[in-house]
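# Close look at the chain arrangement
So the chains spell out like this:
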Amino acid sequence: MHYRRMGRLGWQVSEVGYGMWGIAGGPGNFTGANYETAPRCLERAVELGCNFFDTAWVYGRGISEQMLGSLLRAHTGDRLYVATKIPPKNREWPPRPSDRLQDVFPADHIREFTMKSLENLGTDRIDLMQLHVWEDRWAHEEEWQRALGDLRAEGLIEGIGISVNRWEPDNCLRAIDTGLIDVIQVIYNIFDQAPEDRLFQVAAQKDIGLIARVPFDEGGLTGTLSHDTVFPAEDWRSTYFGPENLGPTVDRAERLRTVLPEGMALPEMALRFILHHPAVSTVIPGMRQLRNVEANLSVSDGRRMEAPLLQTLRAHRWDRSPTAWSQ
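What comes next is a walk through the structure. (Residues numbered from 1 in each chain as written. Predicted model: local features only at pLDDT ≥ 70, side-chain atom pairs only at ≥ 80, totals over all residues. Heavy atoms only, no water.)

### A look at the sheet that holds strand β6 (residues 126-131)
What holds strands together in a sheet is hydrogen bonding between their backbones, with the strands either parallel or antiparallel. Pairing is parallel in the open sheet, where eight strands are placed in the order β3-β4-β5-β6-β7-β8-β9-β10. Looking at the sheet topology across the chains shown, the edges are occupied by β3 (18-19) and β10 (282-283). (Pairing = 2+ DSSP bridges. Helix = DSSP H or I, 4+ residues; strand = E, 2+ residues; numbered from the N terminus.)

Have a look at this one:
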């Protein structure tokens, strides 16, 4: 496993981390969570050198955090970095145009869910606390700044981050300008290359850590979807991969197959594309099977994507705008 610096926080984190969305199930999540397999997956990740785990209160309404807490207690001698997220008070992903900061992240809500996460994790400090949605029009409001700043001053959290809304990578630049933000979590993959346009440059200049999430476009870049794929109605992907998105995603993934190097699977190419960029601190694929843990973490082998293939993948950029189904 290779490690990278998490911006000005200075942590050395595994360049392939563990994204825990989907591992605990629950409303608005993936179906098929297996509470027997999940702990083994987390344990195997640690064995292979993964030391960065990204979760959120909303992933199973605390269950994912509790799973991670059990892992921490089993590895008290290892330095494992924990990132979690405060849900929006109004449970809107992403915020609506009319939502005020007081509707989404009032100070008492920020503190309440920090304490909930600490309890679930069984720790006295959280390495990285993130706001789970964001609108940059809130950037200069003092309430969120004071609430998170107080938590840091009290030693309850160390780093402060924002998980940026889907397909809005620049919707955090004013927040970065406040000087309070240490880390930005953003969707970045072969399809979603827009963070390179501006965010990555700003992050490099200001020494901001970057977490690349959704490396496989919710499954679109795994090569496992077809035009006939149907998800259970309670599975979030049934909305994301509706009629407007499933067909185009499958077609684009099929075109990517034609440029795969011999012996390389599509998920490996997807991860290597992300890791080619030096601004990325870590990428956090979701992993619910041991074979996925082993395959994904094996990509951290020090080999970088060759320039001709990288250039070819530039042509597969897919710029999209947020919609009612994209969340």
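### Here's the deal with helix α12 (residues 307-314)
Along α12, the residues classified as buried are Leu309, Leu310 and Leu313. Take α12 and look down its axis: the buried residues cluster within an arc of 100°, on one side only. Exposed side chains of α12 directed beyond 90 degrees from the buried face belong to Ala307, Pro308 and Gln311. If you follow the buried residues of α12, they end up packed against α9 (246-257) and α10 (266-275). (Buried < 20%, exposed > 50% of the residue type's maximum accessible area, 1.4 Å probe, protein only. Arc of directions from axis to C-beta. Contact = heavy atoms within 4.5 Å.)

### What about the packing of aromatic side chains?
Two descriptors summarise a pair of aromatic rings, namely the distance from one centre to the other and the angle between the planes of the rings. Tallied over the full model, the rule gives 16 aromatic pairs. Relative to Tyr81, the ring of Trp11 has its centre 4.9 Å away and its plane inclined at 25°; by these criteria the two rings are stacked. With a gap of 70 residues between them, Trp11 in the loop between β1 (3-5) and β2 (12-14) and Tyr81 in strand β5 (residues 81-86) connect regions that are remote in the sequence. Residue classification places Trp11 among the buried positions, given a relative accessible area of 5%. The exposure class assigned to Tyr81 is buried, which follows from its relative accessible area of 9%. Centroid distance Trp134 to Trp138: 5.6 Å. Interplanar angle 90°. Geometry classified as edge-to-face. Looking at Trp134, the relative accessible area reads 0%, which means it is buried. Accessibility expressed as a relative area gives 1% for Trp138, which makes it buried. Counting every residue linked through ring pairs, the aromatic cluster contains Trp21, Tyr59, Trp167, Phe231, Trp236, Tyr240, Phe241 and Trp325. Taking NZ or CZ as reference, Lys116 lies 5.4 Å from the ring centre of Phe113, over its face. One residue, Arg166, lies across the ring of Trp167, its end atom 5.9 Å from the ring centre. (Phe/Tyr/Trp six-rings, centres within 6.5 Å; stacked < 30°, edge-to-face > 60°. Lys NZ or Arg CZ within 6 Å of the ring centre and 35° of its normal.)

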